[in-house]
Amino acid sequence: MEADTAKLRERACEACAETWEDRAKAQTPHCKFGEDGICCKNCSMGPCRVTAKSPRGICGADAHAIAGRNYLRTIAAGTSAHSDHAREILHVLHSTSADGNYKVRDEAKLIALAREWGIPTDGRDIYELAHEVAEMGLDEFGKPFGTQRFIKRAIPERQKTWQEQGIEPRAIDREIATAMHMTHMGNTADAEALIHQGLRTALSNGWGGSMLGTEITDILFGTPTVRNTEGNLGVLEKEMVNVVVHGHDPAFSEMVVTAAEVKELQDYARGKGAKGINIVGLCCTANEVAMRHGVRMAGNFLQQENAILTGAVEMMCVDVQCIFPALAPLSECFHTKFVTSSPIARIPGSIYVEFKTETAFEQAKDLIKMAIDNYENRDASKVFIPQNKQAATVGYPCEQIIKHLDGVTNSHVDELGSYRPAVDAIKAGVLRGAVGIVGCNNPRVRPDYSHFEIMKELLKNDILIVATGCAAQVATKAGLLDREAKYLCGAGLRRVCELVNIPPILHMGACIDISRILLLVNGIARDWGVDTTQIPVVGCAPEWMSEKAVSIANYVVSTGIDVYLGIEPQVKGSSQMMELITQGTRNLTGAGYIINKDPHELVRAIIDGIEAKRAALGI
Ligand code: SF4
Ligand code: MSK
């Protein structure tokens, strides 16, 4: 894979284009104050930077206050990104109709959610119900009283912990606004109080915004099912019109995928000399469309420029989050049309087509036509598509995991389904435990390397992996989402994979779908009859980079699950903050961070952590 990247970088030089590698070099060394989280610009008396000689800002804030406030703002930003994405999806649900662009694809899930929320369902029109559910979901953002509805899904022990610690999440916008208010000049300077609000804000994401996003997306576009697909840049086709969908919100990409299936457009492409239209995905949009349509995945975060560097992409359509502004100048070095679609992600140099629910399908068809018309502008001498691509089986939301477990057990399964076979396998030691590997790439470390090294070692040690986001894409590129990858597993995990007919790493979706992992862990703890802190299950983000990742890490810790990080959070300039994120949160939620930049040491720590939890349970 790295050899392909090197070749593509040569292409970039030939085209006089720069890539993230060039910019990362130019940015090194990074500003130490920023890296340590001890630069404050929360008012115009600053910026204030903490040093041994000047240990306080002009207002008197010390390193702990400044690092704590910056950290809380990061969590608020991450929470807002996932949750605003969810809000958009709720508006799409509100726009659904029997003859509209968007329809309800999973009626059973809609009815189940309506019942969970106490909405009458008998004899109701499905779209009337959809609109009422959408309104109730939208109320979760700004309701003046009460807490997030989904926290009732958590096991009683967790609910009790959140109540006792005063971190039950209220309205999502309220938690974000409170975080911003607390960190305004002249407010909280107490690092512990800032961490406390960080946990609460993050919970409004995990058990609020993200969970809403996942549920409503399933209702709109269907709950994912197991599918075979392929991944890596080799999914781009030399003789087809290549369209890449990139970002996070599937409302846009679903329409693009559907439009590409229209016969007239396929005929139009053939009339222009192409063999057809090839839609592929990048980043989390890739995960969304792969899980629901089997659309092939071109790669993860640090591969976004590589896709354009192949010279074979007629159009890249993006929605929101994790999109490099650099794609605009880069696409100008090739024939690629770079299309932005959301007022949330406006990028100079792009073609802006604001996507609207009322006109979505027509807009998508227009874009596909534009991509087809661009095919003749492709310069064959600039085309280099690496041949690497791997088979992958994707689409394991909780429902599919339960279904697969049901298939191999005679144990009683209640209406909600049961994880008891998985619990039994862990208790028996056939599986030692499970790890959710999530998150991004980060130029601070060799791309994909930490993910891969950690994944290999865990599989060898009979530890099942569930993955989302760009981590899931690494697993795809490494062939680990293929059932045949079972040869990498220890004897116990290999037996489970064969029996249940699953790959050793289960692809659970996009980064918003880490809410699925919360429900999975919650379900395992429920069926085990213990708290989430006790079960040998942990989270790991080896190469994280985004503010969303910090919010995620905090809702995972709040859910009682330890989080192993391969990149340090930017709070190193405060000993108190370092202590709080690694130890202090344990007193509040029973979990915390373990940080190690060396992937081999990190995976050792994960295995030791899992074994320690097993020993504490007496298994
Ligand atoms: Fe400096 Fe305090 Fe203003 Fe921050 S809030 S910039 S530490 S004076
Ligand atoms: S896309 S947040 S780089 S996982 Fe979800 Fe990948 Fe991280 Fe973006």
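### A few points about the overall build of the chain
Across its full length, the chain holds 24 helices and 16 strands. For the chain, the residues scored as buried account for 60% of the 619 residues in total. In the chain, the share of contacts with a sequence separation of at least 24, taken over all contacts with a separation of at least 6, comes to 75%. Within the structure as shown, the chain displays about 23300 Å² of accessible surface, and the carbon and sulfur contribution to it stands at 51%. Positive and negative charge centroids in the chain, built from 65 and 76 side chains respectively, lie 3 Å apart.

### Observations regarding the site of ligand 1
Contacts to ligand 1 come from Cys40, Asn42, Cys43, Met45, Gly46, Cys48, Gly57, Ile58, Cys59, Arg69 and Met185. In the shell around ligand 1, the residues fall into 7 nonpolar, 3 polar and 1 charged.

### Focus on the pattern of salt bridges
Here the structure, examined in full by the defined rule, presents 48 salt bridges. Across the salt bridge formed by Lys263 and Asp267, the nearest N and O atoms sit 2.7 Å from each other. Separated by 4 residues within a single helix, Lys263 and Asp267 lie in helix H11 (residues 263-271), roughly one turn from each other. For Lys263, a relative accessible area of 53% corresponds to the exposed category. Asp267 sits in the partly exposed class, given a relative accessible area of 31%. The partner of Lys486 in a salt bridge is Glu498, with the nearest N and O atoms 3.8 Å apart. One end of the pair, Lys486, is in the loop between helix H19 (469-477) and helix H20 (491-500); the other, Glu498, is in helix H20, and 12 residues separate them in sequence.

### Points about the environment of Phe452
Mapped onto the elements of the fold, Phe452 is located in helix H18 (residues 449-460). Taking the C-alpha atoms as reference points, Phe452 and Arg614, separated by 162 residues in sequence, lie 25 Å from one another. Those residues in contact with Phe452 that lie beyond four places of it in its chain are Val474, Ala478 and Leu480.

### Some remarks on the pairing of strand S4 (residues 241-246)
The element S4 is extensively covered by neighbouring structure, given that 6 of its 6 residues are classed as buried. What you see with S4 is no split at all: Val241, Val243 and Val245 on one side and Asn242, Val244 and His246 on the other are buried throughout. In this sheet, strand S5 (residues 277-282) lies alongside S4 in parallel orientation, the contact comprising 6 bridges. Across the sheet, Val245 pairs through a bridge with Gly281, a residue of S5.

### A look at the site of ligand 2
Neighbouring residues of ligand 2: 13 residues in total, closest His248, Cys284, Cys322, Cys440 and Cys470. Each residue belonging to the shell around ligand 2 can be placed in one class, and the counts come to 8 nonpolar, 4 polar and 1 charged. Mapped onto the domain boundaries, the shell around ligand 2 takes at least three residues apiece from domain 1 (2-21 + 227-382) and domain 3 (395-617).

### Looking at the sheet that holds strand S12 (residues 463-468)
Through backbone hydrogen bonds, the strands of a sheet pair up, either in parallel or in antiparallel fashion. Within the open sheet, the 6 strands sit side by side as S13-S12-S11-S14-S15-S16. Their pairing is parallel. Single-partner strands in this sheet number two, and they are strand S13 (505-509) and strand S16 (593-595). Taken over all neighbouring pairs, the strand axes of this sheet differ in orientation by 25° on average, direction set aside.

### What to know about the packing of helix H4 (residues 63-94) against helix H22 (residues 547-558)
Two elements in contact, H4 and H22, have axes separated by 7 Å at closest approach and are oriented at 95°. If you check the angle between H4 and H22, you find them roughly perpendicular. Note on element contacts: H22 touches H4 through Glu547, Lys548, Val550, Ser551, Ile552 and Asn554, opposite Tyr71, Thr74, Ile75, Ala77, Gly78, Thr79, Ala81 and His82.

### Here's the deal with the side chain of Glu35
Mapped onto the elements, Glu35 comes out in helix H3 (residues 32-36). Polar contacts involving the side chain of Glu35 include one to the side chain of Arg444, which spans 2.8 Å.

### Quick word on the domain arrangement of the chain
Considered domain by domain, the chain is made up of domain 1 (2-21 + 227-382), domain 2 (37-221) and domain 3 (395-617). On the side of domain 3, 26 residues touch domain 1, which itself brings 22 residues to the contact. Across the interface of domain 1 and domain 3, roughly 1800 Å² is buried in total on both sides, 61% from carbon and sulfur atoms. Linking domain 1 with domain 3 are 0 salt bridges. Looking at side-chain class alone, the side of domain 1 that touches domain 3 contains 9 nonpolar, 9 polar and 4 charged residues.

### Quick notes on the side chain of Lys613
Along the chain, Lys613 falls in helix H24 (residues 599-617). What Lys613 contacts, discounting residues up to four positions off in sequence, is Thr533, Gln534, Ile535, Pro536, Val538 and Asp562.

### Here's the deal with helix H7 (residues 156-165)
Residues of H7 that are buried: Arg158, Thr161 and Trp162. Seen along its axis, H7 keeps its buried residues to an arc of 95°; they face one direction. Counted as exposed and oriented over 90 degrees from the buried face of H7: Pro156, Gln163 and Glu164. A positive phi of about 65° marks Gly166, the residue just after H7.

### Topic: the packing of aromatic side chains
In the structure shown here, the tally under the stated rule is 5 aromatic pairs. For the pair Phe301 and Phe324, a centre-to-centre distance of 5.2 Å together with 80° between the ring planes defines the contact as edge-to-face. Placement of Phe301 in the loop between strand S6 (296-299) and helix H13 (304-309) and of Phe324 in the loop between strand S7 (315-318) and helix H14 (327-332) is noted, with a sequence separation of 23 residues between them. Owing to a relative accessible area of 6%, Phe301 belongs among the buried residues under this scheme. The class of Phe324 is buried, set by a relative accessible area of 14%. Note that Arg346 overlies the ring of Tyr352, its terminal NZ or CZ placed 3.5 Å from the centroid. A cation sits over an aromatic face here: Lys382 above Phe334, 5.4 Å from the ring centre.

Calculation criteria
Residues numbered from 1 in each chain as written. Chains lettered and ligands numbered in written order. Predicted model: local features only at pLDDT ≥ 70, side-chain atom pairs only at ≥ 80, totals over all residues. Heavy atoms only, no water. Helix = DSSP H or I, 4+ residues; strand = E, 2+ residues; numbered from the N terminus. Buried < 20%, exposed > 50% of the residue type's maximum accessible area, 1.4 Å probe, protein only. Contact = heavy atoms within 4.5 Å. Areas by Shrake-Rupley, 256 points an atom, 1.4 Å probe, with all protein chains shown as cover. Lys, Arg positive; Asp, Glu negative; His and termini not counted. Charge placed at Lys NZ, Arg CZ, Asp CG, Glu CD. Near = heavy atom within 4 Å. Nonpolar A, V, L, I, M, F, W, Y, C, P; charged D, E, K, R; others polar. Salt bridge = Lys/Arg side-chain N within 4 Å of Asp/Glu carboxyl O. Pairing = 2+ DSSP bridges. Domains from an automatic or database assignment. Axes fitted to C-alpha atoms, helices over the stretch in contact; angles between N-to-C directions. Parallel < 35°, antiparallel > 145°, perpendicular 65-115°, else oblique. Polar contact = N/O pair within 3.5 Å; in protein donor to acceptor, adjacent residues only side chain to side chain. Buried area = accessible area lost by both parts, 1.4 Å probe. Arc of directions from axis to C-beta. Phe/Tyr/Trp six-rings, centres within 6.5 Å; stacked < 30°, edge-to-face > 60°. Lys NZ or Arg CZ within 6 Å of the ring centre and 35° of its normal.

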